[in-house]
Amino acid sequence: MLEIKDLVAEYRDGFIKGLSLTVSEKGIFGVLCAHSSDREAIAHVICGCSDKESGEILINGEPITRRELKTRKKIRLVPSNLTLEGMTTPLEHLEFVADALGVVSDKKYRQVSEALELLSLDEDARRPFFSLNKAERCRLSLAASLIGNPECIVIDNAFSGVDQKSSAEIFDLLKMLSKRKTVILLSNKPAEVKELCEQVAIVSGGAVVIEGSIAEIEKKINATRELHISAKGETERIIEAIKGVENVIDVKVTSTGTNKVNTLIIEHYPDASMKDKVFNALSGVNSQMLSFKEIKLTIDDVYYSLTSADVKRAEKAAEQSAVTNKKLIRRNKK
């Protein structure tokens, strides 16, 4: 079990502010976070690759710290972008990781061979890193995370740029691994998280804003529903009629156009017959319902709504990075 309690930390341009999570043993736990720097901060700090300012990180009751190799070996990071010296081969990289983790020689060969075979890299074991494509680099990063037999693997948006076929194969592998290990998937893609994860947390501003299973989260956010309609008639009479309908909580007029056409949002408790009830209520005051749309929120809607500020921050950072890169290119040309 991984426990994160009131974690506060900064890593490069990302930050964590009071992050608390409890991840049970085995299975895939999704963390949806819009800003890449914040995802990177979470990944590096909980894996013990960077120091925290305050809070606790425990795996099966043992604290994870940057300087304790014994506990750090229990949790491993799959970074968003693996970078190695161009001529380094997968075999050399995995052997280096095994040596760094202190894997004894009689287990080293077996673990490296098994990792290469499991990730379908055995035929590419001696190819230089520069010749590997994005999917192969992703597989190599996952293979390295398995050396030393850790209890938990943290994946930081590692599938970006990987083709659909390779992603599907890697997803199948993760599902298999999750039967034996805890896998934490940090991502900015709700579809990816919904496909892989049993439990999900949405992080915004460095802290968890909502968590649970996808079904639980969508049940919470749909405790009330919205019906968007347009209706022709006297505005006040329309509002009064709709407020008298059973299970209606509130009515808001968003616009009143020509020919007395009103656009309204009706908040109501879940009711399969709400459309008919509203139609009948409007008919009773000689008003006509022209259009309707029942709104049911999904985890995607919640994610984009809650993390809109993080998305804007990410877009601004990307724009700034693009400007900086252009300046460097122009400078190098001169």
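Residues numbered from 1 in each chain as written. Predicted model: local features only at pLDDT ≥ 70, side-chain atom pairs only at ≥ 80, totals over all residues. Heavy atoms only, no water.

**Digging into empty space enclosed by the protein**
Item 1. In total, this model carries 2 cavities of 30 Å³ or more according to the counting rule given.
Item 2. Of the volumes computed, that of the largest cavity is approximately 60 Å³.
Item 3. Lining the largest cavity are Pro 79, Ser 80, Asn 81, Leu 82, Lys 134, Arg 137, Cys 138, Ser 141 and Ala 158.
Item 4. When the residues that make up the lining of the largest cavity are grouped by side-chain class, the tally is 4 nonpolar, 3 polar and 2 charged.
Item 5. In this structure, the second largest cavity occupies an estimated 30 Å³ of space.
Item 6. Lining the second largest cavity we find Leu 2, Ile 4, Leu 19, Leu 21, Val 23, Phe 29, Val 31, Ile 42, Ile 46 and Ile 184. (1 Å grid on protein atoms, 1.4 Å probe; cavity = no way out; pocket = protein on both sides within 12 Å on 5 of 7 lines; lining within 4 Å. Points joined across faces, edges and corners; volume = space filled by probe spheres on them. Nonpolar A, V, L, I, M, F, W, Y, C, P; charged D, E, K, R; others polar.)

**Here we look at the nonpolar core**
Taken as a class, soluble globular proteins show a tendency for nonpolar side chains to be buried jointly.
Item 1. Within the largest apolar cluster, 51 residues are counted, with the highest numbers of intra-cluster contacts made by Leu 94, Ile 147, Ile 155, Phe 159, Leu 174 and Val 200.
Item 2. Per element, the largest residue contribution to this core is 7 residues, and it comes from helix α5 (residues 134-146).
Item 3. Discounting residues that sit within four places of it in the chain, Leu 94 has contacts with Val 112, Ala 115, Leu 116, Leu 140, Ala 143, Ala 144 and Ile 147.
Item 4. Core analysis: the second largest hydrophobic core is formed by 29 residues, Ile 4, Leu 7, Phe 29 and Ile 46 among them. (Core = buried A, V, L, I, M, F, W, Y, C linked by side-chain atoms within 4.5 Å. Buried < 20%, exposed > 50% of the residue type's maximum accessible area, 1.4 Å probe, protein only. Helix = DSSP H or I, 4+ residues; strand = E, 2+ residues; numbered from the N terminus. Contact = heavy atoms within 4.5 Å.)

**Some words on the pairing of strand β10 (residues 207-212)**
Item 1. Alignment of strand β9 (residues 199-204) against β10, held across 5 bridges, turns out to be antiparallel. Its bridge partner being in β10, Val 203 is matched across the sheet by Val 208.
Item 2. What sits between the antiparallel neighbours β9 and β10 is a turn of 2 residues, in which Gly 205 has the positive phi angle 65°. (Pairing = 2+ DSSP bridges.)

**Points about the layout of surface pockets**
Item 1. Space inside the largest pocket adds up to approximately 610 Å³.
Item 2. Around the largest pocket, the lining is made up of 24 residues, and of these Cys 49, Arg 72, Arg 76, Leu 77 and Val 97 lie nearest the centre.
Item 3. Elements represented by at least two residues in the lining of the largest pocket include exactly α2 (69-72), β6 (75-78), α3 (90-100) and α5.
Item 4. No other element matches α3, which puts 4 residues into the lining of the largest pocket.

**What to know about helix α4 (residues 105-118)**
Item 1. End to end, α4 covers 20 Å across 14 residues, agreeing with the expected 20 Å (1.5 Å per residue, within 8%).
Item 2. The complete set of buried residues in α4 reads Gln 111, Val 112, Ala 115 and Leu 116. One face of α4 carries all of its buried residues, which in axial projection span an arc of 125°. Facing away from the buried side of α4 by more than 90 degrees, the exposed set consists of Asp 106, Tyr 109 and Glu 117.
Item 3. Just downstream of α4 lies Ser 120, where phi reads positive at about 55°. (Expected span 1.5 Å × (residues − 1). Arc of directions from axis to C-beta.)

**As for the sheet that holds strand β13 (residues 261-268)**
Item 1. The strand order β12-β13-β11-β14 describes an open sheet built from 4 strands, whose pairing is antiparallel. Across the chains shown, the open sheet's two edge strands, defined by having one partner strand only, are β12 (248-256) and β14 (288-295). With direction set aside, neighbouring strand axes in the sheet form an average angle of 20°.
Item 2. Relative to β14, strand β11 (residues 225-232) is paired through 7 bridges, and the arrangement is antiparallel. The residue of β14 that forms the bridge with Ile 229 is Phe 292.
Item 3. With respect to the sheet, helix α9 (residues 235-243) is in contact with β11, β12 and β13, its orientation differing from that of β12 by roughly 160°. (Axes fitted to C-alpha atoms, helices over the stretch in contact; angles between N-to-C directions.)

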